[in-house]
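# Architecture and fold: a report
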Amino acid sequence: MIQAILVFNNHGKPRLVRFYQRFSEEIQQQIVRETFHLVLKRDDNICNFLEGGSLIGGSDYKLIYRHYATLYFVFCVDSSESELGILDLIQVFVETLDKCFENVCELDLIFHMDKVHYILQEVVMGGMVLETNMNEIVAQIEAQNKLEKSEGGLSAAPARAVSAVKNLNLPEIPRNINIGDLNIKVPNLSQFV
Amino acid sequence: MVMPSLKLQDLIEEIRGAKTQAQEREVIQKECAHIRASFRDGDPLHRHRQLAKLLYVHMLGYPAHFGQMECLKLIASPRFSDKRVGYLGAMLLLDERQDAHLLITNSIKNDLSQGIQPVQGLALCTLSTMGSAEMCRDLATEVEKLFQQPSPYVRKKAILTAVHMIRKVPELSSIFLPLCAQLLHERHHGILLGTITLITELCERSPTALRHFRKVVPQLVQILRTLVASGYSTEHSISGVSDPFLQVQILRLLRILGRNHEESSEAMNDLLAQVATNTETRQNAGNAVLFETVLTIMDIHSAAGLRVLAVNILGRFLLNSDKNIRYVALTSLLRLVQSDHSAVQRHRPTVVECLQEPDPSLSRRALELSLALVNSSNVRAMTRELQGFLESCPPDLQADCASGILLAAERFAPTKRWHIDTILHVLTTAGNHVQDDAIANLTQLIGEAQELHAYSVRRLYSALAEDISQQPLAQVAAWCIGEYGDLLLEGSCEETEPLQVEEEEVLALLEKVLQSHMSLPATRGYALTALMKLSTRFHGVSNRVHQVMSIYGSCLDVELQQRAVEYNQFFQKYDHMRAAILEKMPLMERGSPQVEEKAEESKAAQLTETAPVPTEPQASKLLDLLDLLDGPSGDTQHPPHLDPSPGGALVHLLDLPCVPPPLAPIPNLRVFERQGLQLNLSFVRPPGIPALLLITATATNSSESDVTHFVCQAAVPKNFQLQLQAPSGDTLPAQGGLPITQLLRILNPNKAPLRLKLRLTYNHFGQSVQEIFEVNNLPLETWQ
């Protein structure tokens, strides 16, 4: 089982933090810091496996990491996972990010943290490997993004316009306009605001 | 005027623009205030954006708990963008320890049954990440229904969610187990992967499931065979190997199913051989599959030839230039070393070479494996290598290496002298990382090896003269010099270089140890005692030692002070006894020092008017006395500390002049036996309260019929006080079932002879029985 997936840069700033076991917020931050210190000590030409830090607990856990340019991708796993397999999994994840963001770089991860989470959710779920076929993952993500965009058309784009309208001090809009025999019902615009 | 809320991107830009930590905190706090206000106002339009920002600052480590309720609202919203962020927030912010998490159960239920596929996917993902036991129980049927969904996307997620549910609520296995066999027929790799994971989880949890799934072994073999043979497939292949993740999972499941089962193992043999020989090893993916194959081969009942092949593959990998491969090879060999020791031995030279690796992960593995490979034939060579490693290894490995070497030395030492040398070497190299029992072992060892006393004391003396900072070394050396100091003066010893030592030098060294601020209190205690002993072994040094004792009579350390004061007595009032008391120690029994303590306690009982000699851990002696059963009384650190006096005779005196004799346990008494029902009495006299006697009455039933309504009553003479506690039960099942015990407390302040009458009433063999009798043959110890 995968206990945690951490992505941070060469200075230890977290770019993605995902735990599959419950830890309190402080412990989470401590784990990120500790992992960063452990990983930073490693040279580039030694193996990608580290015995886990003390906080994640137990002798059963290992840190398996890969260093890509300015980012460290660290998977914290227990002994039920194949070490070499996880190395490949990290590669699959990074390549998927690459496909979804088109030549992904650290800035993409910074500014689209939520999207990175959604992509990760298609690869690893509940600490277990869900899908490793990149095409499927990318297709799913694209479908979901499309869905979001189509919904967004209703309110996201003219959001500023709508809030501007809201902020105008319009007089109370009467519900019914009664002029003589005419009875015009005024549609309720508030749902769009 | 409502301020327009920042988009996530803008916020991130602002945060990155902050030059200092304080500035960043300011920006974030301001934004959080906005977010909180927005949540309060209940703005549905921007809620998802606010939560996204909150999750970002949460990742940076700032508090975000006030967003928890918003997650619920977002999840309940019909819009996909809301749900997406809401579920993400739930996974990151909610946890099962707070009751709030149960509130999303309903939303998840709705989304699972009525949502579109992406929404179902989100719900399943959330459930499998943070679903608590209650949630899993509530939603099990929903997830089960999704197993029948046509879309493979939802199905594969449902399967993995089921794995999580089974981990949380094992009883749910019965729901998901029947669905697995059908799923193995699927073609979709995602579904297969999930199914294999699910089956693996089920088999690991229950032996019945394991037996049930053994019948799918042929199917699994077939799937794997297809994968291996299918060659290049663009969809799932990683560097030329088709879906290595699925292959590895199948191999792992095959390992679990084939373990200890001839038939299944046989069904897999061919396939494993095929995979082992045909897998491409140039890339990581192939190696991953190969490793898993090797581990599976070694774990099941495979053919001998196959096993040899497997170990050779591992050996080959040890020589691979890729460090990762070497690491995994070392790990795998470590797993195999117990079961296939000789096969792994063949690779010993390569393993030893890996000790020299600069990579700490690799050298640690190599160390563990090397220690596991030591046996009686290679112990000398291996110890040499390990000692070399000890000198240069990083500090965190030193403790493990040191204790490993000592353990190996103990098990396989070819000669005593070699053993002593080895321990000495370890103590000088990595002394402060050595565990305490190494000191005890060494002193025992030296004590036993009479012919080596001279040798040992010389070596220890030289080592100590060079470096007094290594505490274990200092302690052993001090003890040894104290015991065998006379041998040190004797000039020559064939086995070491000639060493001319003057009495004054020896005393000076011990005094140096005594005074050094690097010495632990225990070490100083050793040194003080050693000095004392030398006052009898050496000639003409009594005055100097006496001086030291007087000085230390006012030492701030209470332990040293006590020792010094009492040793001082030896120079004054009890000078005539000094030589006798400070004689050489007798041999300690190896490995059972506590037994030795018991024997010596009885000797101690005979001596009444000797000067009280302080003994280091007084607590342990009290325990010895209280420990009326012959169990061990504590840690092995105590034997060396008890060495100050010779003959052990005075070792266990408390500083009270008369020591109560140790209490031998009072023998049990069988008082009643009829038709298979027996009543035994066992007696305990707690030493702290002389008048108290505790009797435990145990009733056992070895007959064919149950005993019911068993009641035991007791009576004692008037001047005793009796208290009967509630029995453990009143039924004795037949054929040696659980006995009934009852405690009787008898206070006997006048130490009068004890008389006890018992009355038993019970039903046995369909008859009711009443027995009244007096207990005869009560042991004297019960009342004297």
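Residues numbered from 1 in each chain as written. Chains lettered and ligands numbered in written order. Predicted model: local features only at pLDDT ≥ 70, side-chain atom pairs only at ≥ 80, totals over all residues. Heavy atoms only, no water.

As annotated in an unreviewed UniProt entry, chain B is AP-1 complex subunit gamma from Orycteropus afer afer. What UniProt records for chain B under Sequence similarities (unreviewed entry) is the sentence "Belongs to the adaptor complexes large subunit family." (UniProt positions renumbered as here; feature names shortened; annotations may be inferred.)

An unreviewed UniProt entry lists chain A under the name AP-3 complex subunit sigma-2, with Orycteropus afer afer as the source organism. Chain A has a UniProt comment under Sequence similarities (unreviewed entry) that states "Belongs to the adaptor complexes small subunit family."

Attention now goes to the overall build of chain A. Scanning chain A from N- to C-terminus turns up six helices and nine strands. Counting over 193 residues, chain A shows a buried share of 51%. The contacts of chain A with a sequence gap of at least 6 include a subset with a gap of at least 24, amounting to 47%. Put simply, chain A shows about 9400 Å² of open surface, and 55% of that area lies on carbon and sulfur atoms. (Helix = DSSP H or I, 4+ residues; strand = E, 2+ residues; numbered from the N terminus. Buried < 20%, exposed > 50% of the residue type's maximum accessible area, 1.4 Å probe, protein only. Contact = heavy atoms within 4.5 Å. Areas by Shrake-Rupley, 256 points an atom, 1.4 Å probe, with all protein chains shown as cover.)

Within chain B one finds 35 helices and ten strands. The 784 residues of chain B split such that 55% are buried. For chain B, contacts bridging at least 24 residues in sequence account for 68% of all contacts bridging at least 6. With an accessible surface of roughly 34500 Å², chain B has 52% of that area assigned to carbon and sulfur atoms.

A separate point is the interface of chain A and chain B. Chain A puts 64 residues into the contact, and the matching count from chain B is 71 residues. Together, the buried faces of chain A and chain B total about 6100 Å²; carbon and sulfur atoms form 56% of this surface. Looking only at chain A, the three residues that lose the most surface to chain B are L84, F111 and M125 of chain A, adding up to 11% of its buried area. Put simply, chain A and chain B have six salt bridges between them. Notably, a salt bridge pairs E148 of chain A with R84 of chain B, separated by 2.6 Å at the nearest N-O pair. There are 17 residue pairs in polar contact (both at pLDDT 80 or more) connecting chain A and chain B. For the side of chain A that touches chain B, the element with the highest residue contribution is helix α5 (residues 134-155) of chain A, accounting for ten residues. Of the residues belonging to the side of chain A that touches chain B, the class tally is 27 nonpolar, 20 polar and 17 charged. (Buried area = accessible area lost by both parts, 1.4 Å probe. Salt bridge = Lys/Arg side-chain N within 4 Å of Asp/Glu carboxyl O. Polar contact = N/O pair within 3.5 Å; in protein donor to acceptor, adjacent residues only side chain to side chain. Nonpolar A, V, L, I, M, F, W, Y, C, P; charged D, E, K, R; others polar.)

Residues and elements named next belong to chain A. What the five strands build is an open sheet, ordered β2-β1-β5-β4-β3; its pairing is antiparallel. Both edges of this open sheet fall to β2 (14-19) and β3 (49-51), since each of them pairs with a single strand only. The sheet shows a mean angle of 20 degrees between the axes of neighbouring strands, taken without regard to direction. Pairing of strand β4 (residues 62-68) with strand β5 (residues 71-77) involves seven bridges; the strand directions are antiparallel. The residue bridging R66 from the neighbouring strand is F73, located in β5. (Pairing = 2+ DSSP bridges. Axes fitted to C-alpha atoms, helices over the stretch in contact; angles between N-to-C directions.)

Now for the confidence of the model for chain B. Residues and elements named next belong to chain B. Residues of chain B with pLDDT of at least 70 account for 88%, and the chain-wide mean is 80. The lowest-confidence element of chain B is helix α33 (residues 593-606), averaging 37 in pLDDT; the highest-confidence one is helix α9 (residues 152-168), averaging 92. Low pLDDT, under 50, characterises residues 592-662; the predicted model gives this stretch 109 contacts beyond four residues in sequence or across chains. Both scores are given for the predicted complex: the pTM is 0.68, the ipTM 0.78. (pLDDT = per-residue confidence, 0-100.)

Residues and elements named next belong to chain B. If you look at the biggest cluster of nonpolar residues, it comprises 273 residues, and the most contacted ones within it are F147, F176, L198 and F213. Sorting elements by how many residues they give to this core places helix α27 (residues 471-488) first, with eleven residues. For F147, the contacting residues outside a window of four places in its chain are R155, A158, I159, A162, F176, L179, L183 and L198. (Core = buried A, V, L, I, M, F, W, Y, C linked by side-chain atoms within 4.5 Å.)

Moving on to the confidence of the model for chain A. In this model, chain A carries an average pLDDT of 81, and 74% of its residues clear a pLDDT of 70 or more. Note that residues 154-160 of chain A has pLDDT below 50 and, in this model, five contacts with residues that lie over four places away or in other chains.

What follows deals with the packing of helix α8 (residues 133-146) of chain B against α9 of chain B. Residues and elements named next belong to chain B. Interaxial distance between α8 and α9 falls to 10 Å at its minimum, and their mutual angle equals 150 degrees. Taken together, the axes of α8 and α9 are roughly antiparallel relative to one another. Read as a crossing pair, α8 and α9 show a hand that is left-handed. Contact residues: A133, C136, L139, A140, V143 and L146 in α8; V154, R155, A158, T161, H164, M165 and K168 in α9. For the contact of α8 with α9, the class distribution of residues is nine nonpolar, two polar and two charged. (Parallel < 35°, antiparallel > 145°, perpendicular 65-115°, else oblique. Left-handed = near helix turned anticlockwise from the far one by under 90°.)

Tracing the sequence through the fold places L362 of chain B in helix α21 (residues 360-373). The spatial distance from the C-alpha of L362 of chain B to the C-alpha of K323 of chain B is 7.9 Å, given a sequence separation of 39 residues.

Another point: the sheet that holds strand β4 (residues 677-684) of chain B. Residues and elements named next belong to chain B. Strand order in this open sheet of five strands is β3-β4-β5-β8-β7, and the pairing throughout is antiparallel. Edge strands, defined here as strands with exactly one partner in the open sheet, are β3 (669-674) and β7 (721-724). Between one strand axis and the next, the sheet turns by 20 degrees as a mean value, whatever way the strands run. Note: strand β5 (residues 692-701) against strand β8 (residues 740-747), eight bridges, orientation antiparallel. Residue pairing for β8: T696 is matched across the bridge by L743.

Once that is clear, we can look at the pattern of salt bridges. Pairing of side chains with opposite charge becomes possible as their charged atoms draw close. For the coordinates displayed, the defined rule picks out 34 salt bridges over all chains. Salt-bridge contacts for E24 of chain B lead to K13 of chain A; the nearest nitrogen and oxygen are separated by 3.4 Å. Taken together, the residues E24 of chain B in helix α2 (residues 21-41) and K13 of chain A in the loop between β1 (2-9) and β2 connect one chain to another. Exposure remark for K13 of chain A: the relative accessible area of 31% places this residue in the partly exposed category.

This next bit is on the side chain of T96 of chain A. For T96 of chain A, the location among the structural elements is in helix α2 (residues 83-101). Not counting residues within four places of it along the chain, the set of residues in contact with T96 of chain A comprises I119, M134, I137 and V138 of chain A.

Next up on the list: helix α23 (residues 395-412) of chain B. Residue and element names in this part refer to chain B. An ideal rise of 1.5 Å per residue puts 26 Å on 18 residues; α23 measures up with 26 Å between its terminal C-alpha atoms. Among all positions in α23, only L397, Q398, C401, A402, G404, I405, L406, A408, A409 and F412 are buried. Looking at the buried positions of α23, the neighbouring elements they touch are α21, α22 (379-392), α24 (416-430) and α25 (437-448). (Expected span 1.5 Å × (residues − 1).)

Here we come to unusual backbone geometry. A negative phi holds for most residues other than glycine; trans holds for most peptide bonds. All names here are of chain A. Of note in this structure, E102 is not a glycine but carries a positive phi near 60 degrees. The topology assignment puts E102 in the loop between α2 and α3 (106-111). Despite not being glycine, N103 has its phi angle at roughly 55 degrees, a positive value. Note that N103 resides in the loop between α2 and α3.

Moving on: the pairing of β5 of chain A. Sheet faces and side chains relate simply in a regular strand, where the side chains alternate between the two faces. All names here are of chain A. In terms of burial, β5 is largely enclosed, as seven of its seven residues are buried. Side-chain alternation along β5 places L71, F73, F75 and V77 on one buried face and Y72, V74 and C76 on a second face that is also buried. Sheet topology note: the β1/β5 ladder contains seven bridges and is antiparallel. Among the inter-strand pairings, F8 is bridged to a residue of β5, identified as Y72. Linkage of β4 to β5, two consecutive antiparallel strands, is achieved through a turn of two residues, within which A69 is found at a positive phi near 50 degrees.

A few words on α8 of chain B. All names here are of chain B. For α8, with 14 residues, the first-to-last C-alpha span of 19 Å sits near the 20 Å given by 1.5 Å per residue. Helix geometry: α8 is bent most strongly at L139, by close to 55 degrees. Within the sequence span of α8, burial applies to M135, C136, L139, A140, E142, V143 and L146. Here the buried face of α8 lies against α6 (104-114), α7 (117-130), α9 and α10 (173-183). (Bend = angle between axes of the 7 residues up to and from the residue.)

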